[in-house]
Amino acid sequence: MFSFSKKDQVTGEVAERQLDEQNIPAHIAIIMDGNGRWAQQRHLPRIAGHKQGMNTVKTVAKAASHLGVKVLTLYAFSTENWKRPTAEVNYLMKLPVDFFGTFVPDLIKNNIRVKVMGYTDQLPAATQKAVRDAIADTADCTGMVLNFALNYGGRAEIVTAVQKLAQQVQAGTLTPDEIDDAAIDQQLMTQDLGELRDPDLLIRTSGEERLSNFMLWQVAYSEFVFTQQHWPDFDQTALEEAIYEYQQRHRRYGGLAPEPTTK
Ligand code: FPP
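The rules behind the values
Residues numbered from 1 in each chain as written. Predicted model: local features only at pLDDT ≥ 70, side-chain atom pairs only at ≥ 80, totals over all residues. Heavy atoms only, no water. Helix = DSSP H or I, 4+ residues; strand = E, 2+ residues; numbered from the N terminus. Rg over C-alpha atoms; globule rule 2.2 N^0.38 Å. Buried < 20%, exposed > 50% of the residue type's maximum accessible area, 1.4 Å probe, protein only. Contact = heavy atoms within 4.5 Å. Lys, Arg positive; Asp, Glu negative; His and termini not counted. Charge placed at Lys NZ, Arg CZ, Asp CG, Glu CD. Phe/Tyr/Trp six-rings, centres within 6.5 Å; stacked < 30°, edge-to-face > 60°. Pairing = 2+ DSSP bridges. Axes fitted to C-alpha atoms, helices over the stretch in contact; angles between N-to-C directions. Near = heavy atom within 4 Å. Polar contact = N/O pair within 3.5 Å; in protein donor to acceptor, adjacent residues only side chain to side chain. Areas by Shrake-Rupley, 256 points an atom, 1.4 Å probe, with all protein chains shown as cover. 1 Å grid on protein atoms, 1.4 Å probe; cavity = no way out; pocket = protein on both sides within 12 Å on 5 of 7 lines; lining within 4 Å. Sits in = over half its atoms within 2 Å of the grid points. Expected span 1.5 Å × (residues − 1). Arc of directions from axis to C-beta. Points joined across faces, edges and corners; volume = space filled by probe spheres on them. Nonpolar A, V, L, I, M, F, W, Y, C, P; charged D, E, K, R; others polar. Right-handed = clockwise from strand over helix to strand, strands pointing away. Patch = residues over 30% accessible without salt bridge, like charges linked within 9 Å, V, L, I, M, F, W, Y side chains within 5 Å. Salt bridge = Lys/Arg side-chain N within 4 Å of Asp/Glu carboxyl O.

Quick notes on the overall build of the protein
Consideration 1: When helices and strands are counted, the protein shows seven helices and eight strands.
Consideration 2: Relative to its length of 263 residues, the protein is compact, with a C-alpha radius of gyration of 19 Å against a globular reference of 18 Å.
Consideration 3: Summarising its shape, the C-alpha atoms of the protein cover approximately 65 × 50 × 35 Å along the three principal directions.
Consideration 4: Per-residue burial for the protein yields a buried fraction of 46% across its 263 residues.
Consideration 5: For the protein, the share of sequence-separated contacts (at least 6 apart) that also reach a separation of at least 24 residues comes to 73%.
Consideration 6: Across the protein, the mean location of the 27 positive side-chain charges is 6 Å away from that of the 33 negative side-chain charges.

Looking at the packing of aromatic side chains
Consideration 1: Here the structure, examined in full by the defined rule, presents twelve aromatic pairs.
Consideration 2: Between Phe99 and Phe100 the ring centres are 5.1 Å apart and the planes differ by 75 degrees, which places this aromatic pair in the edge-to-face class. The residues Phe99 and Phe100 share a single accessibility class, namely buried.

What to know about the pairing of strand β2 (residues 14-19)
Consideration 1: Direction of pairing for strand β1 (residues 2-7) relative to β2: antiparallel, over a ladder of six bridges. Bridged to Ser3 within β2 is Gln18.
Consideration 2: The antiparallel hairpin formed by β1 and β2 contains six residues in its connecting segment, where Gly12 sits at a positive phi of about 80 degrees.

With respect to the sheet that holds strand β6 (residues 145-152)
Consideration 1: One open sheet accounts for six strands, arranged β5-β6-β4-β3-β7-β8; its pairing is parallel. Looking at strand neighbours, the two that pair on one side only are β5 (113-117) and β8 (223-226), the edges of this open sheet. Direction aside, the axes of adjacent strands within the sheet are offset by 20 degrees on average.
Consideration 2: By the bridge criterion, seven bridges tie strand β4 (residues 71-78) to β6 in an arrangement that is parallel.

Considerations on the site of the ligand
Consideration 1: Near the ligand there are 17 residues, and of these Asp33, Gly36, Arg37, Arg46 and Arg84 occur at the shortest range.
Consideration 2: The separation between an oxygen atom of the ligand and a polar main-chain atom of Asn35 is 3.2 Å.
Consideration 3: Compared with its free state, where it exposes 620 Å², the ligand has 91% of that area covered by protein.
Consideration 4: Its atoms largely coinciding with the cavity grid, the ligand occupies the largest pocket.

A closer look at helix α5 (residues 154-171)
Consideration 1: Here α5 contains 18 residues, and its C-alpha end-to-end distance of 26 Å stays within 8% of the 26 Å for a straight helix at 1.5 Å per residue.
Consideration 2: Restricting attention to buried positions, one finds in α5 the residues Gly154, Glu157, Ala161 and Leu165. An end-on view of α5 places all buried positions within 65 degrees of arc, on one side of the element. In α5, the exposed residues that point more than 90 degrees away from the buried face are Arg155, Gln170 and Ala171.
Consideration 3: Buried residues belonging to α5 abut β6 and α6 (181-187).
Consideration 4: Phi for Gly172, located one or two positions after α5, is positive at around 85 degrees.

Let's talk about the layout of surface pockets
Over the atoms rolls a probe the size of a water molecule, and its path tells where empty space is left.
Consideration 1: In this structure, the largest pocket occupies an estimated 740 Å³ of space.
Consideration 2: Lining the largest pocket we find 31 residues, and of these Met32, Asn35, Tyr75, Ala76 and Asn81 sit closest to its centre.
Consideration 3: Elements with a contribution of two residues or more to the lining of the largest pocket: α1 (35-41), α2 (46-67), β4, α3 (86-109) and β6.
Consideration 4: A class-by-class count of the residues in the lining of the largest pocket yields 15 nonpolar, eight polar and eight charged.

Re the pairing of β6
Sheet faces and side chains relate simply in a regular strand, where the side chains alternate between the two faces.
Consideration 1: Most of β6 is tucked away: eight of the eight residues are buried.
Consideration 2: Tracing the backbone out of β5, into helix α4 (residues 125-137) and back to the parallel element β6 gives a crossover that is left-handed.

Quick look at unusual backbone geometry
Consideration 1: The residue Asn111 is not glycine, and still its phi comes out positive at about 60 degrees.
Consideration 2: Of note in the backbone geometry, Ser206 takes a positive phi value of approximately 80 degrees without being a glycine.
Consideration 3: Along the chain, Ser206 turns up in the loop between β7 (201-204) and β8.

Some words on a negative patch on the surface
Consideration 1: There is a patch of like negative charges on the surface, built from Asp177, Glu178, Asp180 and Asp181.
Consideration 2: Among the secondary structure elements, Asp177 is positioned in the loop between α5 and α6.
Consideration 3: Take Asp177: its relative accessible area is 74%, and that puts it in the exposed class.

All we've got here are geometric facts, nothing functional implied.
Take a look at the structure:
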């Protein structure tokens, strides 16, 4: 059992909570939202929020790994984020360079392996290199997979998968009847995660309750937890609270009888 303290925001009362170690979600995906609002509240430029958000990534990655999470997927840059002002996009493209430049030794110490999903060939050369190096440097780590969604979009991912399947049909190596869930899974960017490809728990920070084109196929049966904190304020306790909420849910996968939440 992992225990943590939860403080009631209204009454100030502190309650001790216990997490069931046997029911830690194997794959957690997070939409890290609210960097801009966090900065705005402090009269800081938006990029200050992204910088603090990067530090939160470090904290949360280590916390998730210690709790026994097997895959942590983080939505760092969407295929739609290119619409932001150039200076902000440039800063967001530099973040992986800073992050991996300073954090890879810590990742290795924590046995965390880096993976990236997204259209990485469209990223600036320095960002691509930082990503490639981090993947190579952590390739022998056998613990949690820290999976960054970088220049990722759920619809684009599905379009690409459909195109590949259509090419196989055209080439005569696949018949339309053979296209099933598994065939589609095989063409998605989560394919190499095997049985862990679908998030058990999806968290979105900062109060918005939408998917914003994130892992549209893979979240079919995920539990969603929305928190009010802006991403830079998210921490180990917030992660534990989200897992606690997940552990109160009964996952039924479309069936009737309640099933245990472990897969
Ligand atoms: C959403 O907040 C956040 C992003 C688009 C960027 C997320 C990036 C990080 C948290 C840092 C990632 C770190 C690495 C290592 C790649 P927002 O800017 O939309 O916030 P707002 O809705 O309050 O404006």
